[in-house]
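Notes for the structure review
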Amino acid sequence: MNDKELLPWLEKMLTGDEAAFRVVYQATHTDVHRTIAFLVYDIEDIVNETYIRMWSSFHTYDQNRPFRFWLHGITVRQVQDWKRKAWRKIQLFERNRLMHNEQFDWTDSEVIKSETQLELLGVVRTLSYKLRVVIILRYFHDYALDEIAELLPIPLGTVKSRHHLALKALRKHCELTGGDSYVHRQTTTR
């Protein structure tokens, strides 16, 4: 369901219609889940928080703008909040480990179904979060660089720089592993 088809349901949500919320949730859940899966490991909690935030702040949604763009903004902010909280937890665990000299297992339990997705995700996950979020928004959601700048509230020049650095890092990683079939190469025409 595209943004145009969602519009009547979004209008019903403005009146607090919970059935409309369920329709919007069903139409966008996979997209939000996939975005979060590419950005972090602890997916379900963030997906839930995203929809709670969407419901509670829906009155701020500007119907003259694309809904999914607004929803992706909430999604990215929820991931950033999660990362801040996770960093604090890691610091506490590390402090506790040092005090008690214990080892913690930091393995990821999420399994990606498609082998190609797993390989691509592995390459993208080698990037820092700041570079990874630009790549996810650009190539998995097809946002223009200026839209990404607006979603992340950072200058366009910063987005361009991160985009360039991310592609450079991905190319380097792929060259080291024997290929660059996943990395988009920009061509110039004269």
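See the structure shown above.
Predicted model only: the values in this text are computed from it and were never measured. (Residues numbered from 1 in each chain as written. Predicted model: local features only at pLDDT ≥ 70, side-chain atom pairs only at ≥ 80, totals over all residues. Heavy atoms only, no water.)

In this structure, Met54 and Phe67 are the most contacted members of the largest nonpolar core, which totals 39 residues. Looking at this core, the elements with two or more residues in it are helix H1 (3-14), helix H2 (18-39), helix H3 (43-57), helix H4 (67-100), helix H6 (129-140) and helix H7 (145-151). It is H2 that provides the largest number of residues to this core, a total of eight residues. Ignoring anything within four residues of it in the chain, the contact list for Phe67 reads Asp3, Leu6, Leu10, Val24, Thr28, Met54, Phe58 and Tyr61. Counting seven residues, the second largest nonpolar core, distinct from the first, contains Val123, Leu127, Ala166 and Leu167. (Core = buried A, V, L, I, M, F, W, Y, C linked by side-chain atoms within 4.5 Å. Buried < 20%, exposed > 50% of the residue type's maximum accessible area, 1.4 Å probe, protein only. Helix = DSSP H or I, 4+ residues; strand = E, 2+ residues; numbered from the N terminus. Contact = heavy atoms within 4.5 Å.)

The next thing to look at is H2. The largest bend along H2 reaches roughly 50° and is located at Thr28. Put simply, Asp17 is the residue that caps the front of H2, since its side-chain oxygen is 2.8 Å from the backbone nitrogen of Ala19. (Bend = angle between axes of the 7 residues up to and from the residue. Polar contact = N/O pair within 3.5 Å; in protein donor to acceptor, adjacent residues only side chain to side chain.)

In this fold, Phe38 is placed in helix H2. Sequence spacing of Phe38 and Val124 is 86 residues, and the spatial spacing of their C-alpha atoms is 8.0 Å.

So, on to the packing of aromatic side chains. This structure, assessed with the given rule, holds 11 aromatic pairs. Aromatic side chains Phe69 and Tyr143 sit 5.4 Å apart centroid to centroid with 75° between the ring planes, which places their arrangement in the edge-to-face category. Pair noted here: Phe69 is in helix H4 and Tyr143 is in the loop between H6 and H7, with a separation of 74 residues, a long-range link. The class for Phe69 is buried, based on a relative accessible area of 8%. Here Tyr143 falls in the buried class, since its relative accessible area comes to 8%. Aromatic rings pair up to connect Phe21, Tyr25, Tyr51 and Trp55 into one cluster. (Phe/Tyr/Trp six-rings, centres within 6.5 Å; stacked < 30°, edge-to-face > 60°.)

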